[in-house]
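Results of the structural survey
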Amino acid sequence: MRVNLDQLPKNGDENATFKSFLLRLNRNTQFRAARILLREDQIAEVRSHDHVLMQCLDVVLGAMSFRLNDKHKQKLPGSNRRGKRTVAKERLYHVICDRIRQIYPHFNIGESTGMQGDRSKLWSHPYRHWKFVPREHEIDDNRTKPKK
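Residues numbered from 1 in each chain as written. Predicted model: local features only at pLDDT ≥ 70, side-chain atom pairs only at ≥ 80, totals over all residues. Heavy atoms only, no water.

**Quick notes on the nonpolar core**
Among the nonpolar cores identified, the biggest contains eleven residues, and these are Ala63, Met64, Leu68, Tyr93, Ile96, Cys97, Ile100, Tyr104, Phe107, Ile109 and Tyr127. Counting residues per element, the ones that place at least two in this core are α3 (52-68) and α4 (84-103). If we skip the residues at most four places from it in the chain, Tyr127 touches Val60, Met64, Ile100, Ile103, Tyr104, Phe107 and Thr113. (Core = buried A, V, L, I, M, F, W, Y, C linked by side-chain atoms within 4.5 Å. Buried < 20%, exposed > 50% of the residue type's maximum accessible area, 1.4 Å probe, protein only. Helix = DSSP H or I, 4+ residues; strand = E, 2+ residues; numbered from the N terminus. Contact = heavy atoms within 4.5 Å.)

**Topic: a nonpolar patch on the surface**
A surface patch of nonpolar side chains, amounting to about 310 Å² of accessible area, comprises Val46, Met54, Leu57 and Leu61. Classification of Leu57 by relative accessible area gives partly exposed; the value is 42%. (Patch = residues over 30% accessible without salt bridge, like charges linked within 9 Å, V, L, I, M, F, W, Y side chains within 5 Å. Areas by Shrake-Rupley, 256 points an atom, 1.4 Å probe, with all protein chains shown as cover. Salt bridge = Lys/Arg side-chain N within 4 Å of Asp/Glu carboxyl O.)

**Some points on the packing of aromatic side chains**
Applying the stated rule across the entire model yields two aromatic pairs. Aromatic side chains Phe18 and Phe21 sit 6.3 Å apart centroid to centroid with 25° between the ring planes, which places their arrangement in the stacked category. Taken as a pair, Phe18 and Phe21 lie in helix α1 (residues 12-24) at a separation of three residues, close to a single helical turn. Measuring from centroid to centroid gives 6.1 Å for Phe107 and Tyr127, while their planes differ by 85°, and the two rings are edge-to-face. Here Phe107 is found in the segment after α4, whereas its partner Tyr127 is found in the segment after α4, with 20 residues between them in sequence. Here the two residues Phe107 and Tyr127 agree in accessibility, since each one is buried. (Phe/Tyr/Trp six-rings, centres within 6.5 Å; stacked < 30°, edge-to-face > 60°.)

**Concerning the environment of Ser120**
Looking at the secondary structure, you find Ser120 in the segment after α4. Residue class for Ser120 comes out exposed when judged on its relative accessible area of 59%. When the C-alpha positions of Ser120 and Ala33 are compared, they lie 7.4 Å apart, and in sequence the two are 87 residues distant.

**Comments concerning the side chain of Arg128**
As for its placement among the helices and strands, Arg128 is situated in the segment after α4. We classify Arg128 as buried; its relative accessible area is 14%. A polar side-chain atom of Arg128 sits 3.4 Å from a polar atom in the side chain of Thr113. (Polar contact = N/O pair within 3.5 Å; in protein donor to acceptor, adjacent residues only side chain to side chain.)

**Topic: the packing of α3 against α4**
The N-to-C vectors of α3 and α4 enclose an angle of 110°; their axes lie 9 Å apart at closest approach. As the angle between them shows, α3 and α4 are arranged roughly perpendicular. Two secondary-structure elements touch here, α3 through Val59, Val60, Ala63, Met64, Phe66 and Arg67 and α4 through Thr86, Lys89, Glu90, Leu92, Tyr93, Ile96 and Ile100. (Axes fitted to C-alpha atoms, helices over the stretch in contact; angles between N-to-C directions. Parallel < 35°, antiparallel > 145°, perpendicular 65-115°, else oblique.)

**Section: unusual backbone geometry**
Positive phi, close to 60°, is recorded for Arg35, a residue that is not glycine. Following the sequence through the fold, Arg35 ends up in the loop between α2 (29-33) and α3. Taking the relative accessible area as the measure of exposure, Arg35 reaches 79% and is therefore exposed. The backbone of Asp70 shows a phi angle near 55°, a positive value even though the residue is not glycine.

**Brief notes about the confidence of the model for the protein**
With 90% of its residues at a pLDDT of 70 or more, the protein has an overall mean of 81. Contacts for the low-pLDDT stretch residues 1-5, under 50 throughout, to residues beyond four places or in other chains number twelve contacts. (pLDDT = per-residue confidence, 0-100.)

Right under this line is the structure:
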């Protein structure tokens, strides 16, 4: 599943639903094994520009979303060329991707990084990347690359 950042919760009901989802992660066996506990009073909305770490996360997620949603191909209206911001965002995506490939040499933005190495150390890996796929999904073979 590709997450469109514009579809994240915007009102109170959606925020409560998302918060509830996060709290249910406490039941996940991997969370338990890693001794991760999410407390309700520790989940809050923040303005990312007030927190450097959140800004960094926004940059990485934005770069991935930009590429996954083919925004790097967008051209200026009435033109055959891409805008300066689009080109700059694509360059940033490549810098981030190159750094990730130092950790995972065959990294593919459209796939999970997988479970390499010791599973008990899963939460100490320097970068994790998951592809979320709904249970009820179908693949349109007309829109995929042919299998070799």
